[in-house]
Amino acid sequence: QVQLVESGGGLVQAGGSLRLSCAASGRTFSSYAMGWFRQAPGKEREFVATINWNGGSTYYTDSVKGRVIISRDNGKNTVYLQMNSLKPEDTAVYYCAGRSGGLRSTRPDEYAYWGQGTQVTVSS
């Protein structure tokens, strides 16, 4: 059984920072590529960032490049999303996802494991 649990969301003013964490159960985390997705009310779930199994390759959606860093600590079974210079348009529920294939992906249908999400709200 694989379980992902996000934390670190909250309310922050525009220009502020948050670090989201995603803790994974089990011992297979180090073989998974991981991703962060977000979904705002009335919008489709969208890709934010992804990282391959060993952390050596990352990719970001254009809207967050330069403001967001995805990282992982395989020893802690945890992936992080450091978000800086937050904007109101970043407001969404952020989801952590994993795929056993190990290669990064921007497509939610390629991720088999999902967390429950954590709310990020950025005030103007």
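Read on for an overview of the structure. (Residues numbered from 1 in each chain as written. Predicted model: local features only at pLDDT ≥ 70, side-chain atom pairs only at ≥ 80, totals over all residues. Heavy atoms only, no water.)

1. Observations concerning the packing of aromatic side chains
Okay, so step 1: Going through the model one piece at a time under the given rule, you end up with six aromatic pairs.
Okay, so step 2: With a centroid separation of 5.4 Å and an interplanar angle of 5 degrees, the aromatic rings of Tyr32 and Tyr113 are classed as stacked. With Tyr32 in the loop between β3 (18–24) and β4 (33–39) and Tyr113 in strand β10 (residues 113–114), this residue pair connects regions lying 81 residues apart in the sequence.
Okay, so step 3: The exposure class of Tyr32 is buried, given its relative accessible area of 6%. (Phe/Tyr/Trp six-rings, centres within 6.5 Å; stacked < 30°, edge-to-face > 60°. Helix = DSSP H or I, 4+ residues; strand = E, 2+ residues; numbered from the N terminus. Buried < 20%, exposed > 50% of the residue type's maximum accessible area, 1.4 Å probe, protein only.)

2. Details of the state of the cysteines
Okay, so step 1: Per the counting criterion, the structure on display carries one disulfide.
Okay, so step 2: Paired by a disulfide, Cys22 and Cys96 hold their sulfur atoms 2.0 Å apart. What sets the handedness of the Cys22 and Cys96 disulfide is the S-S torsion sign, and at about -80 degrees it is left-handed. One end of the pair, Cys22, is in strand β3; the other, Cys96, is in strand β9 (residues 92–99), and 74 residues separate them in sequence. The exposure classification of Cys22 matches that of Cys96, with both residues buried. (Disulfide = S-S within 2.5 Å.)

3. Comments concerning the nonpolar core
Okay, so step 1: Counting 27 residues, the largest nonpolar core has Met34, Trp36, Ile70, Val79, Leu81, Met83 and Tyr94 as the members making the most contacts within it.
Okay, so step 2: The set of elements that each furnish at least two residues to this core consists of β3, β4, β5 (46–51), β7 (68–73), β8 (78–83), β9 and β11 (118–123).
Okay, so step 3: Once residues within four sequence positions are removed from consideration, Tyr94 is found in contact with Glu6, Leu20, Trp36, Phe37, Arg38, Val48, Leu81, Met83, Gly117, Thr118 and Val120. (Core = buried A, V, L, I, M, F, W, Y, C linked by side-chain atoms within 4.5 Å. Contact = heavy atoms within 4.5 Å.)

4. Thoughts on the pattern of salt bridges
Okay, so step 1: Under the defined criterion, the tally for this structure stands at six salt bridges.
Okay, so step 2: Notably, a salt bridge pairs Arg38 with Asp90, separated by 3.0 Å at the nearest N-O pair. Of this pair, Arg38 sits in strand β4 while Asp90 sits in the loop between β8 and β9, placing them 52 residues apart in sequence. Comparing Arg38 with Asp90, the two get one shared label, buried.
Okay, so step 3: For Asp90, the salt bridge goes to Arg67, with nearest N and O atoms at 2.8 Å. Linking Asp90 in the loop between β8 and β9 with Arg67 in the loop between β6 (58–60) and β7, this pair joins segments that are 23 residues apart in sequence. Across the pair, exposure class does not vary: Asp90 and Arg67 are buried alike.
Okay, so step 4: Linked through salt bridges whose partners overlap, the residues forming this network are Arg38, Glu46, Arg67 and Asp90. (Salt bridge = Lys/Arg side-chain N within 4 Å of Asp/Glu carboxyl O.)

Treat this as a map of the structure, not an account of what it does.
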